[in-house]
Amino acid sequence: MKCENCGNDYHRTMTVQLEGSEARRFDSFECAIHAMAPVCPHCFTSVVGHGVETEDGAIYCCAHCAREHGHRGLADSQKSRN
């Protein structure tokens, strides 16, 4: 089966389905990330981890980038310091 991102015809493709959308087929996690990960509107990094989501649904890679775009009240998770 062919990867929808790179076109590689590979016998061990995977399917990825997001929130009930149509399943998509990829030959690697790298291709799936490239095709499906949201992109931070501030630094243009693919948001592969948790990221932060604003009230209006924008997804940023971190709270710093969200603040740079004027969103307040968001914080990245931090380890407790003992």
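Residues numbered from 1 in each chain as written. Predicted model: local features only at pLDDT ≥ 70, side-chain atom pairs only at ≥ 80, totals over all residues. Heavy atoms only, no water.

*Asks:* Lay out the overall build of the protein in plain terms, naming residues and giving numbers.
*Replies:* What the protein contains, in helices and strands, is two helices and four strands. Along the chain direction, N to C, the helices and strands of the protein fall in the order β-β-α-β-β-α. Computed over its C-alpha atoms, the radius of gyration of the protein comes to 16 Å, more than 25% above the 12 Å expected for a compact globule of 82 residues. For the protein, the spread of C-alpha atoms along the three principal axes comes to 50 × 35 × 25 Å. Residues counted as buried form 21% of the 82 residues belonging to the protein. Looking at the protein as shown, the accessible area adds up to about 6,400 Å², and 47% of this sits on carbon and sulfur atoms. (Helix = DSSP H or I, 4+ residues; strand = E, 2+ residues; numbered from the N terminus. Rg over C-alpha atoms; globule rule 2.2 N^0.38 Å. Buried < 20%, exposed > 50% of the residue type's maximum accessible area, 1.4 Å probe, protein only. Areas by Shrake-Rupley, 256 points an atom, 1.4 Å probe, with all protein chains shown as cover.)

*Asks:* So what's going on with the environment of Ala58? Residues and values would help.
*Replies:* You can see Ala58 is positioned in the loop between strand E3 (52-53) and strand E4 (59-60). For the pair formed by Ala58 and Cys3, sequence separation is 55 residues and the distance between their alpha carbons is 28 Å.

*Asks:* Can you break down the nonpolar core residue by residue, with the values?
*Replies:* If you look at the biggest cluster of nonpolar residues, it comprises seven residues: Cys40, Val47, Val52, Tyr60, Cys62, Cys65 and Ala66. Excluding residues within four positions of it along the chain, Val52 makes contact with Ala58, Ile59, Tyr60, Cys62, Ala63, Ala66, Leu74, Ala75 and Asp76. (Core = buried A, V, L, I, M, F, W, Y, C linked by side-chain atoms within 4.5 Å. Contact = heavy atoms within 4.5 Å.)

*Asks:* Describe in detail a nonpolar patch on the surface, supporting the description with residues and values.
*Replies:* There is a patch of nonpolar side chains on the surface, built from Phe29, Ile33 and Val48 and spanning about 310 Å² of accessible area. Note that Phe29 resides in helix H1 (residues 29-36). (Patch = residues over 30% accessible without salt bridge, like charges linked within 9 Å, V, L, I, M, F, W, Y side chains within 5 Å. Salt bridge = Lys/Arg side-chain N within 4 Å of Asp/Glu carboxyl O.)

*Asks:* Tell me about the pattern of salt bridges, and name the residues and values.
*Replies:* Tallying each qualifying case throughout the model produces one salt bridge. In this structure, Glu4 engages Arg24 in a salt bridge whose closest nitrogen and oxygen atoms are separated by 2.7 Å. Of the two residues, Glu4 sits in the segment before strand E1 (14-16) while Arg24 sits in strand E2 (residues 24-26), which places them 20 residues apart along the sequence. Among the residues examined, Glu4 registers a relative accessible area of 42% and is labelled partly exposed. Taking the relative accessible area as the measure of exposure, Arg24 reaches 27% and is therefore partly exposed.

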